[in-house]
Amino acid sequence: MRQNTKFTASAQLIAVACCILIGCSGSQDGTLSGPRIGMMPKLIGIGYFEATREGAEEAAAELGLELTYDGPHLDRSEDQAQQIGEWTTLGLDVIAVAPVDPEGISEALRDAQRAGVTTLTWDTDANPETSGRSVFVNQAPNEAIGYKLVDVMAEGIQAKGESLAGNYLIVSGSATASNQNTWMEYMKQRIADKYPTMKLLPHLTPNEDRQRAQEQTAEALAAHADLKGIWGITSVSLPAAAKATRDAKRADQVYVTGLSLPSEMREYVKDGTVEQFVLWNPVDLGYLTIHVAQRLHAGNLQSGSQAMGRLKNVEVRGGEVILGPPMIFNRENIDDHRF
Amino acid sequence: MNRIDSSPGQLRRIATLGIRGCLLAIGLTLVFSQVQRPAALVDVWLPWAEIGILALAMTAVILCGGIDLSVGSTVALCGVVLGITLQWQWPLTFALAATAGCGLCAGAFNGGLVAIGLSPLVATLATMAFYRGLAMTLSGRERFAGFPDSLRSWQTVAGIPLHFFCFVSVGLATWILIHHTRLGRWCYVIGDNRTAARFAAVPDRRVDLSLYTLNGIAAALVAVLHAIDENVAIPDAFRGAELQVIACVVVGGTLITGGEGGVLRTLIGIGIVTHLEIGLRFLSYRFPLLTPNSRLIVIGLLVILVAIWNQRLQRGSDNA
């Protein structure tokens, strides 16, 4: 009797295997003609990268391309490297990746190129020399983002008629993320140049995890009674920092701003915890990445200012494609965007 | 004891092996039916060889009723030590020795904590955070990239990746250790019943110490392999790797409570987890419904099913 159940179980497993095999062979011959593109975010399942996926899918439908949008569920560089290898094995033509670490995927990208894959980066760059990536699709010049973040904070505090002197905190994402680290460099530069009375505490890296970001911010708020302002410079850390500040009832003393999605921030902007914050349009960034990928693969990506699909003013220069200047979101315009 | 001699027990074993065989076959077909650039498959396997080496070393620890959650952090710490010492312009052999020494110390510290009576779960949960913190602090959260060519030239030996040779040697070494030495027999005895083992004069603390130390050395080996392959050592690397490692051991059929299992089972477990994970990811490219999140469901269900099966097997053999 017992034995029977076991053999049934084995038989079922074999049956499942057969079904999967048939399923695979059935879908083997795709009908789409364009290149097969793999687009990889730093991690999946956060609002920001869901918004970029939306734009990427829009562009893929428009151009008739086969797109797969997938990535690790933790911001782990070695998972990205592994997945690049898998995509190469599967025969993809173009791989566009937002690297968690600028060096971590260099070898994987090189291997992919040797197998004939076109590679590019988006959202955050890999080391151009070691990775050999063709171009970097950048949301906005890093300098502009870093400066804007500091200016928004300084102007916000000065508008309330207070002095800038005091302690400030940056809540970042992953310790080795190239874009976040570059923005922080420019933020420090701006502070040194224009607002020398602002003092930076050591920044926090909660690994794109909202719970950890909130806990770490709450700890910093408790430890520094004189905290003047907090930047959350990822889409995850800003709402977490805002929540921690609101929960600590310090929103009137601590100016919170940074980078995030309107959809994540609506609550905090409406209740006054956050007055204004900075971002580009992530849907457009995903959309642009697919257009660039298609042109790269076809070999007709030209330098200069040009239109790509519905985006009119895209700047291509020196191995970078730039979406445009960063935008400011506040109570007036936060309801105008669906991302 | 868990030795099964009765014929229903034998049949159960064969059925168990059959199910594992089927899972492995499903995994392999999933992978090979979809490969378009077979040469690139080697790059896909290499990271799994690293997980596999860790799983082989972990098998001995789990067999004697322990667990090492700090293994991912240990790899990262060893990678940082390798990076720092090379940055200080140490000769390659010294840097490698320092890396191995770091793995040895980290493992021995785990083993020491367990030997003085801490629960392995608590001890290695603590060192998981401790070693990660050390790696982050020592490196200043910076990655080390661009290892010297003298190290990188070991990437392949006679055209075959170094990973392959290391995986085979570690497999052989653990097989001999677990199945053909006194230390290995002690593992089973301790994992089965520690109190009884103590009364039988088995030096359980020394066994703990040596097994965790060996585990640490395996982590150092993986750190070096990773540096050679990816040309980078990241203090943040191998986060959560312990879960994959433990999954390989458990899916292979080694009891998480110890006392029953072996190297061959872990090898099968590595094969299953590796190819199912790769195969499911390949599939998710064809079927958008199979999102990365539903892949987690599949892997989770698999581990639950295997755990239930192991539990039943255990109960069955106790009755026999």
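It should be emphasised that the depicted structure is a prediction, and the values quoted were computed from it without experimental measurement.

**Some thoughts on the overall build of chain B**
Piece 1. When helices and strands are tallied, chain B shows 13 helices and four strands.
Piece 2. Relative to a compact globule of 320 residues, whose C-alpha radius of gyration would be 20 Å, chain B shows 20 Å and is just as compact.
Piece 3. Considering only C-alpha atoms, chain B reaches an extent of 60 × 55 × 35 Å along its principal axes.
Piece 4. Put simply, chain B has 320 residues, and 57% of those count as buried.
Piece 5. Taking all contacts inside chain B whose residues are at least 6 apart in sequence as the whole, residues at least 24 apart take part in 79%.
Piece 6. Across chain B, the mean location of the 22 positive side-chain charges is 6 Å away from that of the 16 negative side-chain charges.

**Thoughts on the overall build of chain A**
Piece 1. Looking only at helices and strands, chain A has 11 helices and 14 strands in total.
Piece 2. Dimensions of chain A, computed from the C-alpha atoms along their principal axes, are close to 75 × 65 × 35 Å.
Piece 3. Residues classed as buried in chain A amount to 58% of the 339 residues present.
Piece 4. Expressed as a percentage of contacts within chain A between residues at least 6 apart in sequence, the contacts between residues at least 24 apart total 72%.
Piece 5. When the accessible surface of chain A is totalled, it reaches about 12,800 Å², and 51% of it is carbon and sulfur.
Piece 6. For chain A, the distance from the average site of its 30 positive side-chain charges to the average site of its 43 negative ones is 3 Å.

**Focus: the pattern of salt bridges**
Piece 1. Counted according to the given criterion, the structure contains 26 salt bridges over all chains.
Piece 2. Notably, a salt bridge pairs Glu267(A) with Arg246(A), separated by 3.0 Å at the nearest N-O pair. Placement of Glu267(A) in helix α10 (residues 262-270) and of Arg246(A) in helix α9 (residues 237-247) is noted, with a sequence separation of 21 residues between them.
Piece 3. Looking at Glu267(A), the relative accessible area reads 45%, which means it is partly exposed.
Piece 4. Relative accessible area serves as the criterion here: at 28%, Arg246(A) is assigned to the partly exposed category.
Piece 5. One connected set of salt bridges, linked through shared partners, spans Arg194(B), Arg198(B), Asp204(B) and Asp208(B).

**Section: the domain arrangement of chain A**
All names here are of chain A.
Piece 1. Parsing chain A into structural domains produces domain 1 (36-138 + 282-319) and domain 2 (142-279).
Piece 2. Put simply, the middle of domain 1 and the middle of domain 2, counted by C-alpha atoms, are 29 Å apart.
Piece 3. Facing the 14 residues of domain 1 at the interface are 14 residues of domain 2.
Piece 4. Both faces combined, the contact of domain 1 with domain 2 buries some 1,100 Å², and carbon together with sulfur accounts for 48% of it.
Piece 5. Sorting the residues of domain 1 by area buried against domain 2 places Lys42, Tyr48 and Asp75 first, and these three jointly supply 35% of that buried surface.
Piece 6. Our count for the contact surface shared by domain 1 and domain 2 stands at seven residue pairs in polar contact (both at pLDDT 80 or more).
Piece 7. Residue composition of the side of domain 1 that touches domain 2, by class: six nonpolar, three polar and five charged.

**Topic: the interface of chain A and chain B**
Piece 1. In this assembly, 53 residues from chain A lie in contact with 52 residues from chain B.
Piece 2. For the pairing of chain A and chain B, the buried interface totals around 4,700 Å² over both sides, and the portion due to carbon and sulfur atoms is 54%.
Piece 3. Where chain A touches chain B, the interface holds four salt bridges.
Piece 4. For Glu86(A), the salt bridge is made with Arg281(B), and the minimal N-O distance between the two is 3.6 Å.
Piece 5. Elements that contribute at least two residues to the side of chain A that touches chain B include exactly α1 (2-26), β2 (66-69), α3 (77-90) and α4 (106-114) of chain A.
Piece 6. When its residues are assigned to classes, the side of chain A that touches chain B shows 17 nonpolar, 21 polar and 15 charged.

**As for unusual backbone geometry**
Piece 1. In the Ramachandran plot, Lys249(A) falls in the positive-phi region, its phi being about 55° despite a non-glycine side chain.
Piece 2. Positionally, Lys249(A) belongs in the loop between α9 and β9 (255-258).
Piece 3. Residue classification places Lys249(A) among the exposed residues on the basis of a relative accessible area of 67%.
Piece 4. At Phe238(B), a residue that is not glycine, the phi angle is positive and equals roughly 60°.
Piece 5. You can call Phe238(B) buried: its relative accessible area is 5%.

**Observations concerning the packing of α3(A) against helix α12 (residues 263-286) of chain B**
Piece 1. Close contact between α3(A) and α12(B) brings their axes to 11 Å; oriented N to C, the two are set at 65°. As for the relative orientation of α3(A) and α12(B), their crossing is right-handed in sense. Facing Asp79(A), Gln82(A), Gln83(A), Glu86(A), Thr89(A) and Leu90(A) of α3(A), the residues of α12(B) in contact are Ile278(B), Arg281(B), Phe282(B) and Tyr285(B).
Piece 2. Class assignment of the residues belonging to the contact of α3(A) with α12(B) gives a composition of four nonpolar, three polar and three charged.

**Considerations on the packing of aromatic side chains**
Residue and element names in this part refer to chain A.
Piece 1. Inspection of the entire model under this criterion finds 14 aromatic pairs over all chains.
Piece 2. Taking the centre distance of 6.5 Å and the plane angle of 50° together, the rings of Tyr69 and Trp122 count as tilted. Taken together, the residues span a long stretch of sequence, with Tyr69 in strand β2 and Trp122 in strand β4 (residues 118-122) at a distance of 53 residues.
Piece 3. By way of ring pairs, the aromatic residues Tyr48, Phe49, Tyr69, Trp122, Trp183 and Trp280 are connected into one cluster.
Piece 4. Sitting above the plane of the Tyr287 ring, Arg310 keeps its charged end 4.2 Å from the centroid.

**Some words on helix α7 (residues 162-180) of chain B**
Residues and elements named next belong to chain B.
Piece 1. Spanning 19 residues, α7 covers 26 Å between terminal C-alpha atoms, matching the ideal 27 Å at 1.5 Å per step.
Piece 2. Within α7, burial applies to Leu162, His163, Cys166, Val170, Gly171, Thr174 and Ile178. In a view along the axis of α7, the buried residues occupy a sector of 160°, so they form one face of it.
Piece 3. Where α7 is buried, its residues contact α2 (41-63), β2 (156-157), β3 (160-161), α8 (182-192), α10 (204-230) and α12.

**Some remarks on the nonpolar core**
Piece 1. In this structure, Ile84(A), Leu54(B), Leu82(B), Phe147(B) and Leu151(B) are the most contacted members of the largest nonpolar core, which totals 106 residues.
Piece 2. A per-element tally of this core places α2(B) first, with 14 residues.
Piece 3. In contact with Phe147(B), other than residues within four places in its own chain, are Leu82(B), Gly83(B), Leu86(B), Arg152(B), Ala227(B), Asn231(B), Val232(B) and Ala233(B).
Piece 4. Membership of the second largest hydrophobic core comes to 81 residues, among which are Val137(A), Met187(A), Leu227(A) and Val256(A).

**Describing the packing of α7(B) against α12(B)**
All names here are of chain B.
Piece 1. Orientation of α7 relative to α12, taken along the N-to-C sense of each, is 145°, at an axis distance of 9 Å. Of the residues in α12, those in contact with Phe167, Gly171, Thr174, Trp175, Ile178 and His179 of α7 are Val263, Leu267 and Ile270.
Piece 2. Residues of the contact of α7 with α12, tallied by class, amount to six nonpolar, three polar and no charged.

How each quantity is defined
Residues numbered from 1 in each chain as written. Chains lettered and ligands numbered in written order. Predicted model: local features only at pLDDT ≥ 70, side-chain atom pairs only at ≥ 80, totals over all residues. Heavy atoms only, no water. Helix = DSSP H or I, 4+ residues; strand = E, 2+ residues; numbered from the N terminus. Rg over C-alpha atoms; globule rule 2.2 N^0.38 Å. Buried < 20%, exposed > 50% of the residue type's maximum accessible area, 1.4 Å probe, protein only. Contact = heavy atoms within 4.5 Å. Lys, Arg positive; Asp, Glu negative; His and termini not counted. Charge placed at Lys NZ, Arg CZ, Asp CG, Glu CD. Areas by Shrake-Rupley, 256 points an atom, 1.4 Å probe, with all protein chains shown as cover. Salt bridge = Lys/Arg side-chain N within 4 Å of Asp/Glu carboxyl O. Domains from an automatic or database assignment. Buried area = accessible area lost by both parts, 1.4 Å probe. Polar contact = N/O pair within 3.5 Å; in protein donor to acceptor, adjacent residues only side chain to side chain. Nonpolar A, V, L, I, M, F, W, Y, C, P; charged D, E, K, R; others polar. Axes fitted to C-alpha atoms, helices over the stretch in contact; angles between N-to-C directions. Left-handed = near helix turned anticlockwise from the far one by under 90°. Phe/Tyr/Trp six-rings, centres within 6.5 Å; stacked < 30°, edge-to-face > 60°. Lys NZ or Arg CZ within 6 Å of the ring centre and 35° of its normal. Expected span 1.5 Å × (residues − 1). Arc of directions from axis to C-beta. Core = buried A, V, L, I, M, F, W, Y, C linked by side-chain atoms within 4.5 Å.

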